[in-house]
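Structural features, examined
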Amino acid sequence: MFGTAELTDDVVRSAADGSPPALARVADALSPQVRLMVAARLLPTPAQFHAAEDICQQVMTALARGLDRLEHRTVGGLKAYVSGMVRHQVAEALRRWQREGGKGRRVRSLESNVGTALHSSPLWQHLSGSVISPRSEVDRAEQTERLLLELGRLKDSY
């Protein structure tokens, strides 16, 4: 996961055991990744960024409250736990918005609109954090940098 390079299994264990400094390190490291994961699942428009940010805050709050229940107190276990939390919070938000009649929010989940071909792509796996691979964090950081450079070359209208 992008941003988790400084996390170690010891930091994760300490955070799960209730250490405030360790919990702060985990939150700081995971916050950018959670934003990417939510954005990858929702593809929000600029007018909907507040909705995506609400989901990110819900995930981070749920993480802080539920970290003591983390079964596998490792970086890999934490990544899987956070990925599941994001998936759950996005699905819950989509259900809530549908019940409310949308109220101007036309956020659709990338997961529900696109076939499984995208889910197996390295980009999807990287952005969603859904696969733990043996690749180094340096490789992931380079992928993210290349992705951001290419996105920066797009026209503003895209």
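Residues numbered from 1 in each chain as written. Predicted model: local features only at pLDDT ≥ 70, side-chain atom pairs only at ≥ 80, totals over all residues. Heavy atoms only, no water.

Take helix α2 (residues 20-42) next. Between its first and last C-alpha, α2 extends 31 Å over 23 residues, near the 33 Å set by a 1.5 Å rise per residue. The largest bend in α2 is about 35 degrees, located at L30, with the proline P32 one to four residues further on. A22, V26, A29, L30, Q33, V34, M37, V38, A40, R41 and L42 are the residues of α2 that are buried. L43 lies just past α2 and shows a positive phi near 50 degrees. (Helix = DSSP H or I, 4+ residues; strand = E, 2+ residues; numbered from the N terminus. Expected span 1.5 Å × (residues − 1). Bend = angle between axes of the 7 residues up to and from the residue. Buried < 20%, exposed > 50% of the residue type's maximum accessible area, 1.4 Å probe, protein only.)

It is worth spelling out the pattern of salt bridges at this point. Within the structure shown, the criterion is met by four salt bridges. The closest approach of N and O atoms between D10 and R13, which form a salt bridge, is 2.5 Å. Of this pair, D10 and R13 both sit in helix α1 (residues 9-16), separated by three residues, roughly a single helical turn. Overall, the relative accessible area of 34% leaves R13 in the partly exposed class. Salt-bridge contacts for D17 lead to R73; the nearest nitrogen and oxygen are separated by 2.5 Å. Of this pair, D17 sits in the loop between α1 and α2 while R73 sits in the loop between α3 (49-66) and α4 (75-99), and the two are 56 residues apart along the sequence. Judged by relative accessible area, which is 60%, D17 ranks as exposed. By relative accessible area, which is 24% here, R73 ends up partly exposed. (Salt bridge = Lys/Arg side-chain N within 4 Å of Asp/Glu carboxyl O.)

Further remarks concern α1. Taken together, the buried positions of α1 are occupied by V11, V12, A15 and A16. Around the axis of α1, the buried residues are gathered within 130 degrees of arc, so they sit on the same side. Those residues of α1 that are buried are in contact with α2 and α4. (Arc of directions from axis to C-beta. Contact = heavy atoms within 4.5 Å.)

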